[in-house]
Amino acid sequence: MPTDRSTSGPANATNPSAAPTAPASFADDLAEAVALLRGLPVARDAVGEARRRVLDWAAARPHLRAQLAVDEPPGATRAGYDLLLDHPEGGTVALSAEVDDGIPWLVDHSTHWAAANILSVDGAGLSIAGALSAIRALGVRDRQLHERLVDHRIVLNELEGALQQPTTAEIQAAADEFRRRRGLTGRAQTLEWLAEAGMSPEMFQTHARTQALVARVRDRFAGEPARRHLAEHPEDFTVRRAVWVTGRHADDLSALLEGPVEDFAARCLAALELPAGPSGNTPQLLATTALTPRLPEPLRTVPQKTAIGPVPYEGAYLAGVVHEVVAPDPDAPEVLEAARDAAFQAWLDERRRTAEIRWFWL
């Protein structure tokens, strides 16, 4: 089963006021480290306390550059730990300890047949490395997936050491948002979706808990940060009244753009009443008045009374018209929410730009 293996460190930078004291030998360091590792709380909700203990211990021993590796299997109630220490002659020493059953999590996972695989089909496994390589080879959109993985790790780093756990209401709100985004309207439909995705109900609960904490980080950018971002980028939050049509074939859409812009919707409606064209596909018509960030990407910079297309869009084609562009209302809750999300994403983009990122399989 996949796990969330995260590390905290280097720990010596978190408490500059601590007085560094070097033990007499590395053997003393190891003895202290083993005692520390064996005494860490293993309850899932005590991981933050475990991290703080290691950070305090490591702050007084900067020569070790100690890092705590944490294993939090989805749906499990216990966590596992490794402690990584710099050796005085170079290299890294990894310590594993398991007080109860005697099998450290790193060994337990490494000996499982599925440890390096993300899935199997008819008994043949697909490795994590192979999956990420395949995703990268899919095209330009895969870059967004890789960035989202980095963003997820950045937010988890931000959450490390958090004292408060999410409330039941926050977890429920995160679960409801998960279902809303995927159009899951009932328990049976949700369970069916989870089964198809290879996600157990316990894993879903863990995911909802994590997303509730992520929402807390995002909410730091509400209020004044959101208003500041809106003032700096008002053009990103205009309200556009738009009509667009999507289809599998560009030729099906081209004729809809011939004629006055204001009659585009009428031409689309008339075309939808006709039999399917040579391609056999019926285009899909959509119309809305929405904040610019919530429109399809090709429409977000289109001036009013302007048509575009057909242009590639999500594996198909899009043609559309923006009829009106209205300046944002700085006090509208919908505008402030969008500005909050954009400010949060700008923060992530900057953190990603300055972070040291290493891909271990790519």
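Refer to the structure printed above.
Worth saying up front: this structure is predicted, and the values here are computed from it rather than measured.

Draft legend 1. Examining the pairing of strand β2 (residues 67–72) more closely. Of all 6 residues in β2, 5 are buried, a share of seventy percent or more. Here 5 bridges tie β2 to strand β3 (residues 80–86), and the two strands are oriented antiparallel to one another. Across the sheet, the residue bridging to Gln 67 is Leu 84, located in β3.

Draft legend 2. Layout of the packing of helix α6 (residues 168–181) against helix α8 (residues 201–219). Running from N to C, α6 and α8 point in directions that differ by 105°, and their axes come no closer than 8 Å. Put simply, α6 runs roughly perpendicular to α8. From α6, Glu 170, Ile 171, Ala 174, Ala 175, Phe 178 and Arg 179 reach across to α8, where they touch Phe 204, Gln 205, His 207, Ala 208, Arg 209, Gln 211, Ala 212 and Arg 216. Each residue belonging to the contact of α6 with α8 can be placed in one class, and the counts come to 7 nonpolar, 3 polar and 4 charged.

Draft legend 3. Inspection of the pattern of salt bridges at higher detail. For the structure on display, the rule yields 21 salt bridges. A salt bridge links Arg 241 to Glu 324, with the shortest nitrogen-to-oxygen separation between them at 3.6 Å. Taken together, the positions of Arg 241 in strand β7 (residues 239–247) and Glu 324 in strand β10 (residues 316–326) put the pair 83 residues apart, joining distant regions of the chain. Under the relative-accessibility criterion, Arg 241 is labelled partly exposed at 38%. You can call Glu 324 partly exposed: its relative accessible area is 35%. Between Arg 353 and Glu 350 there is a salt bridge; the shortest N-O distance is 2.7 Å.

Draft legend 4. Seen up close, the sheet that holds strand β9 (residues 306–313). As summarised here, the arrangement of the 4 strands in space is β8-β7-β10-β9, forming an open sheet in which the pairing is antiparallel. The strands lining the two open edges of the sheet, one partner per strand, are β8 (284–291) and β9. Taking the axes of each pair of neighbouring strands and ignoring which way they run, one obtains an average angle of 25° across the sheet. Of the strand pairs in this sheet, β7 and β10 are connected by 9 bridges, and their pairing is antiparallel. Bridge pairing in β10 places Val 245 opposite Ala 319. Across the sheet, helix α11 (residues 264–272) lies against β7, β8 and β10, angled at about 30° from β7, the strand it touches most.

What counts as what
Residues numbered from 1 in each chain as written. Predicted model: local features only at pLDDT ≥ 70, side-chain atom pairs only at ≥ 80, totals over all residues. Heavy atoms only, no water. Buried < 20%, exposed > 50% of the residue type's maximum accessible area, 1.4 Å probe, protein only. Helix = DSSP H or I, 4+ residues; strand = E, 2+ residues; numbered from the N terminus. Pairing = 2+ DSSP bridges. Axes fitted to C-alpha atoms, helices over the stretch in contact; angles between N-to-C directions. Parallel < 35°, antiparallel > 145°, perpendicular 65-115°, else oblique. Contact = heavy atoms within 4.5 Å. Nonpolar A, V, L, I, M, F, W, Y, C, P; charged D, E, K, R; others polar. Salt bridge = Lys/Arg side-chain N within 4 Å of Asp/Glu carboxyl O.

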